[in-house]
Amino acid sequence: MYKKRMIITVMMAVCFITACAHKPDSEEQVDIRDAVGDSGHQESWMEEDGAGILSNDAKSASDEEPAPDSSFPEIDSAESPNNSFDREVSEILAACAGTRIEQTIEAAEGTSLLINADVNVEGITRVSQYEYVLADITEEKRADLFKAVFPETADQAEYDELNDVWTLDIDPAIRNYFLYQISYSNGGTTIPGEQIIVFENRYYDLYPFEDNRLGSVSDSRVNASLDEAESVCRRVVDSITDTEDYAVDFIHAYGNGGRRPYLKLVFKRMLDDMPVTTYNDLALLFDNNGIEKVSGSLFSVNEIGLDKKLLSPEEAVGKLQEQAAFLDFKGESHVTVTEITLEYVVVMSPDGKILVTPVWRFQLGEDEDGRNFLRQKILGIDAVTGELIWEERGHTL
């Protein structure tokens, strides 16, 4: 299929900032918004004028005008905002077909962002905005989780009222047991008060750090195939989510230097055929013994709809260029974007609302393995406000 090519050779002069050694917290993100302006990311727009018609009474008052044909339907004098937004979204999605963007953007400290990417919105037919609603982890959910992971021994779990935790022994002689508790995020940017499931084997040290992660899942030493691991983990996810709209988003393989091999499978809820990246996505660790850990939060949504025009991918690239001085690539001379997608990301608005908002996401990585390896790093532009999102999700515990 013929592909449009948009080659932009604009090089941006940027101010150099001192790179931070730590991930930006919520206060730093507010500073970024202040620096680039709250509404400077999105120009106002006007609805198209409606072509109204005269009423029957008005037309009959003129001898020169014939009476209207009653067979023609009445036309609204103005298009409703919601219908207008939906039409604009449809036009943007249709225009993305075959689009490829190539551009080099100068970032902080002399680094570069190299964009050589197709725009992929396959399967997306509508885009909206939602309110993110916190969900409590009930005792029923706890029981369902135990039954899904240990269908034969779940009833042997014991409750420690003093510490408000549940335990299930695997091998008491070596203190091999599973522990279940409700936790709250204590690291990184997150949602205050959100409950997080933590159900894990306390005997094995699976060492979840970067130097233990393999560059490709094809190098995994776990005996089960990726499909087999996904099937087992999906049953657990389905047991506690009820919505039947979760899908595996990415899989990382661990086990470097002879360490215990395992897979990390991250499941995300799908809305409008797009994954929703939250602050605490459902993550499961799977090794040769089966599931060793389940963690993450549950949530529901209320649709609030769009109140602004959706940015096109080309406009998103422009917003990214405007804010490139805030990109810290931590010692890398350049990073590469090889795919641009439209996804939902949970964000905190300046007025304190928790939103599920559409984001033009710039997928980092040279190829499919690279994009998968860097999947937890979000480089994106809020498709409603134009604000930069540059952070890592999944490490808030």
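Up top is the structure these notes are about.
All of these numbers come straight from a predicted model, not from anything done at the bench.

Caption draft 1: Structural view of helix H4 (residues 139-149). Listed as buried for H4 are Lys 141, Arg 142, Ala 143, Leu 145, Phe 146 and Val 149. Elements in contact with the buried residues of H4: strand E6 (165-171), strand E7 (176-184), strand E8 (195-201), helix H5 (226-241) and strand E13 (290-296).

Caption draft 2: Representation of unusual backbone geometry in the model. In the Ramachandran plot, Glu 109 falls in the positive-phi region, its phi being about 55° despite a non-glycine side chain. Relative to the helices and strands, Glu 109 is located in the loop between strand E2 (99-106) and strand E3 (112-120). Residue Glu 109 is classed as partly exposed on the basis of its relative accessible area of 45%. One non-glycine residue, Arg 175, adopts positive backbone phi at about 55°. In this fold, Arg 175 is placed in the loop between E6 and E7. Classification of Arg 175 by relative accessible area gives exposed; the value is 59%.

Caption draft 3: Geometry of the pattern of salt bridges. Counted according to the given criterion, the structure contains 21 salt bridges. Across the salt bridge formed by Arg 142 and Glu 139, the nearest N and O atoms sit 2.5 Å from each other. Of the two residues, Arg 142 and Glu 139 are both situated in helix H4; the distance of three residues between them amounts to about one turn of the helix. Residue Arg 142 is classed as buried on the basis of its relative accessible area, which comes to 7%. The class for Glu 139 is partly exposed, based on a relative accessible area of 43%. Glu 391 is the salt-bridge partner of Arg 393, the closest N and O atoms lying 2.7 Å from each other. Take Arg 393: its relative accessible area is 5%, and that puts it in the buried class. In this structure Glu 391 comes out as buried when scored by relative accessible area, which is 9%. Through salt bridges with shared partners, one network takes in Asp 249, Lys 268, Glu 343, Arg 361 and Arg 375.

Caption draft 4: Quick look at a negative patch on the surface. Taken together, the side chains of Asp 219, Glu 366, Asp 367, Glu 368 and Asp 369 define an acidic patch exposed on the protein surface. Inspection of the secondary structure assignment puts Glu 366 in the loop between strand E16 (354-364) and helix H7 (368-373). Residue class for Glu 366 comes out exposed when judged on its relative accessible area of 57%.

Caption draft 5: Structural context of the pairing of E7. Where E6 meets E7, five bridges bridge the pair, whose relative direction is antiparallel. Within the sheet, the bridge partner assigned to Trp 166 lies in E7 and is Tyr 180. Counted between consecutive antiparallel strands, the loop separating E6 from E7 contains four residues, among which Arg 175 sits at a positive phi close to 55°.

Procedures and definitions
- Residues numbered from 1 in each chain as written.
- Predicted model: local features only at pLDDT ≥ 70, side-chain atom pairs only at ≥ 80, totals over all residues.
- Heavy atoms only, no water.
- Buried < 20%, exposed > 50% of the residue type's maximum accessible area, 1.4 Å probe, protein only.
- Helix = DSSP H or I, 4+ residues; strand = E, 2+ residues; numbered from the N terminus.
- Contact = heavy atoms within 4.5 Å.
- Salt bridge = Lys/Arg side-chain N within 4 Å of Asp/Glu carboxyl O.
- Patch = residues over 30% accessible without salt bridge, like charges linked within 9 Å, V, L, I, M, F, W, Y side chains within 5 Å.
- Areas by Shrake-Rupley, 256 points an atom, 1.4 Å probe, with all protein chains shown as cover.
- Lys, Arg positive; Asp, Glu negative; His and termini not counted.
- Charge placed at Lys NZ, Arg CZ, Asp CG, Glu CD.
- Pairing = 2+ DSSP bridges.

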